[in-house]
Amino acid sequence: MQIFGVDIGGSGIKGAPVDLDKGDLAQERHKVLTPHPATPDSVADGVKQVVDHFGWTGPVGVTFPGVVTDGAAIRTAANVDDSWIDTDARALLGERLGGLPVTVVNDADAAGVAEMHFGAGRDRRGTVILLTFGTGIGSAVFSDGVLVPNTELGHLELDGHDAEKRASSKAREDHDMTWEHWAAHRVRQYLAHVEMLFSPELFIIGGGVSRKSHKFLPHIEGIKAEIVPAQLQNNAGIVGAAMRAAGH
Ligand code: BGC
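Rules and cut-offs
- Residues numbered from 1 in each chain as written.
- Predicted model: local features only at pLDDT ≥ 70, side-chain atom pairs only at ≥ 80, totals over all residues.
- Heavy atoms only, no water.
- Helix = DSSP H or I, 4+ residues; strand = E, 2+ residues; numbered from the N terminus.
- Rg over C-alpha atoms; globule rule 2.2 N^0.38 Å.
- Buried < 20%, exposed > 50% of the residue type's maximum accessible area, 1.4 Å probe, protein only.
- Contact = heavy atoms within 4.5 Å.
- Lys, Arg positive; Asp, Glu negative; His and termini not counted.
- Charge placed at Lys NZ, Arg CZ, Asp CG, Glu CD.
- Patch = residues over 30% accessible without salt bridge, like charges linked within 9 Å, V, L, I, M, F, W, Y side chains within 5 Å.
- Areas by Shrake-Rupley, 256 points an atom, 1.4 Å probe, with all protein chains shown as cover.
- Salt bridge = Lys/Arg side-chain N within 4 Å of Asp/Glu carboxyl O.
- Axes fitted to C-alpha atoms, helices over the stretch in contact; angles between N-to-C directions.
- Parallel < 35°, antiparallel > 145°, perpendicular 65-115°, else oblique.
- Nonpolar A, V, L, I, M, F, W, Y, C, P; charged D, E, K, R; others polar.
- Pairing = 2+ DSSP bridges.
- Near = heavy atom within 4 Å.
- Polar contact = N/O pair within 3.5 Å; in protein donor to acceptor, adjacent residues only side chain to side chain.
- Bend = angle between axes of the 7 residues up to and from the residue.
- Core = buried A, V, L, I, M, F, W, Y, C linked by side-chain atoms within 4.5 Å.
- Domains from an automatic or database assignment.

Undergrad: For this particular structure, what's the right way to read the overall build of the protein chain?
TA: For the protein chain, the count of helices and strands is 8 helices and 15 strands. For a compact globule of 248 residues, the expected C-alpha radius of gyration is about 18 Å, and the protein chain comes in at 17 Å, within 12% of that figure. Put simply, the protein chain has 248 residues, and 55% of those count as buried. Contacts in the protein chain between residues far apart in sequence, at least 24 positions, make up 63% of those at least 6 positions apart. Averaging the locations of the 22 positively and 32 negatively charged side chains of the protein chain gives two centres separated by 4 Å.

Below is the structure:
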């Protein structure tokens, strides 16, 4: 079965039909740049361009980089325009897509669902935490394979700062940190804090950085949990969005 998945990110809106049996994209994905300001109206247009590129007419799953309740309502918008807050994203996108059924899910939760089913978290029990390092830090917490949605661990406080402002991939770029410095200090300190709170068995590191894990994973020391890169890499959000739309 195929369902369409769209991933709304800080820099791009990417999507493709997803083969849900394989957990992979059924066609090469299409990307448009995220508009700035990333208002509901302008982002909805971007989502429409991506979906229309494939002439898709079935159900669509969409990730959003903020808290999403009931597959529809946006509650926070740390890295997109504030006017998203309290928007019914399912209604907005459904209407923009000419009445297609739409499910909306937090981006990290979507990536986590995909990784637990098809990737690095497959068959893993106990507490597993996927963290995406990108513009922000996203989190997906699983207990025996069951997701606790909207955990927002990127906004834990670290040294009096919002953790994602210290340890995201954007923070590394903004402050010209080497991979080694970022990993050995910022990411290590952040993981130690999350580990102190949750004692997970496994951390899965997702987001764009998962493709470059050799540059930073060897520099993260002193964490008891196993740490592995995400396997679906940058497609995890698209696959997970489609899985949620299919009722996973
Ligand atoms: C948001 C999360 C999101 C993460 C990654 C954070 O700023 O609050 O909801 O999952 O960024 O995009």
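Undergrad: Just to check I follow, could you spell out a nonpolar patch on the surface for this structure?
TA: Together, Met 196, Leu 197 and Phe 198 give the surface a local cluster of nonpolar side chains, amounting to about 290 Å² of exposed area. If you trace the backbone, Met 196 turns up in helix 6 (residues 179-198). Overall, the relative accessible area of 56% leaves Met 196 in the exposed class.

Undergrad: Looking at this structure, how should I read the pattern of salt bridges?
TA: A side chain with one charge can pair with a side chain of the opposite charge if their charged atoms come near. Enumeration over the complete set of coordinates arrives at 9 salt bridges. One salt bridge connects Asp 45 with Arg 96, and the closest N-O pair in it is separated by 2.8 Å. Of this pair, Asp 45 sits in helix 1 (residues 40-53) while Arg 96 sits in helix 2 (residues 89-96); the two residues are 51 residues apart in sequence, bridging distant segments of the chain. By relative accessible area, Asp 45 is classed as partly exposed at 36%. One salt-bridge network, held together by shared partners, links Asp 41, Asp 45 and Arg 96.

Undergrad: It is not clear to me how the packing of helix 3 (residues 107-118) against helix 8 (residues 236-245) should be interpreted in this structure. Could you clarify?
TA: To describe two helices that pack against each other, one gives the angle between their axes and the distance between the axes. Taken N-terminus to C-terminus, the directions of helix 3 and helix 8 make an angle of 90°; their axes are 7 Å apart at the nearest point. Between helix 3 and helix 8, the interaxial angle falls into the category roughly perpendicular. Contacts between helix 3 and helix 8 pair Ala 110, Ala 111, Val 113, Ala 114, Glu 115, His 117 and Phe 118 from the former with Ala 236, Gly 237, Val 239, Gly 240, Ala 241, Met 243 and Arg 244 from the latter. When its residues are assigned to classes, the contact of helix 3 with helix 8 shows 9 nonpolar, 3 polar and 2 charged.

Undergrad: Is there a simple way to think about the pairing of strand 9 (residues 127-133) in this case?
TA: It is a general feature of regular strands that their side chains alternate between the two faces of the sheet. Counted residue by residue, strand 9 has 6 buried out of 7 residues, so it is predominantly covered. In this structure, strand 9 lies alongside strand 10 (residues 137-143), joined through 7 bridges in antiparallel fashion. The residue bridging Thr 127 from the neighbouring strand is Ser 143, located in strand 10. Across 5 bridges, strand 9 lies against strand 14 (residues 202-206) in parallel orientation. Within strand 14, the position partnered with Ile 129 by the bridge is Phe 203.

Undergrad: What's the story with the site of the ligand in this structure? I'm lost.
TA: If you check the shell around the ligand, you find Pro 65, Gly 66, Ala 78, Asn 79, Asn 106, Asp 107, Ile 137, Gly 138, Glu 152, His 155 and Glu 164 and nothing else. Contact distances for the ligand include 3.2 Å between an oxygen atom and a side-chain N or O atom of Asn 79. Asp 107 has a polar side-chain atom sitting 2.5 Å from an oxygen atom of the ligand. Across the shell around the ligand, the residue classes break down as 3 nonpolar, 5 polar and 3 charged.

Undergrad: Just to check I follow, could you spell out helix 6 for this structure?
TA: Residue pairs three or four apart in sequence face the same way in an α-helix, which turns once every 3.6 residues. Along helix 6, the helix axis deviates most sharply at Val 187, where the bend reaches about 35°. Burial in helix 6 covers these residues: Trp 179, Trp 182, Ala 183, Arg 186, Val 187, Tyr 190, Leu 191, Val 194 and Glu 195. Taken from the residues just after helix 6, Ser 199 is the one with a positive phi, measuring 40°.

Undergrad: Sorry, what's going on with the nonpolar core here?
TA: Generally speaking, a soluble globular protein has its nonpolar side chains buried in company with each other. Val 47, Val 51, Val 60 and Trp 84 are the most contacted members of the largest nonpolar core, which has 55 residues in total. For this core, the leading source of residues is helix 8, giving 6 residues. Each of domain 1 (2-106 + 241-245) and domain 2 (120-230) contributes no fewer than three residues to this core. Leave out the neighbours within four places in its chain, and Val 47 touches Val 6, Ile 8, Ile 13, Leu 93 and Leu 97.

Undergrad: For this particular structure, what's the right way to read unusual backbone geometry?
TA: Both trends apply: most residues other than glycine have a negative phi, and most peptide bonds are in trans. With an omega dihedral of 0°, the bond running from His 36 to Pro 37 counts as a cis peptide bond. Looking at the element boundaries, Pro 37 is found in the loop between strand 4 (30-33) and helix 1. A positive phi angle, near 55°, is found at Asp 70, a position not held by glycine. Within the secondary structure layout, Asp 70 lies in the loop between strand 6 (68-69) and strand 7 (73-74). A relative accessible area of 68% means that Asp 70 is categorised as exposed. Notably, Asp 144 is not glycine yet its phi reads approximately 45°, a positive angle. Its place among the elements puts Asp 144 in the loop between strand 10 and strand 11 (146-148).

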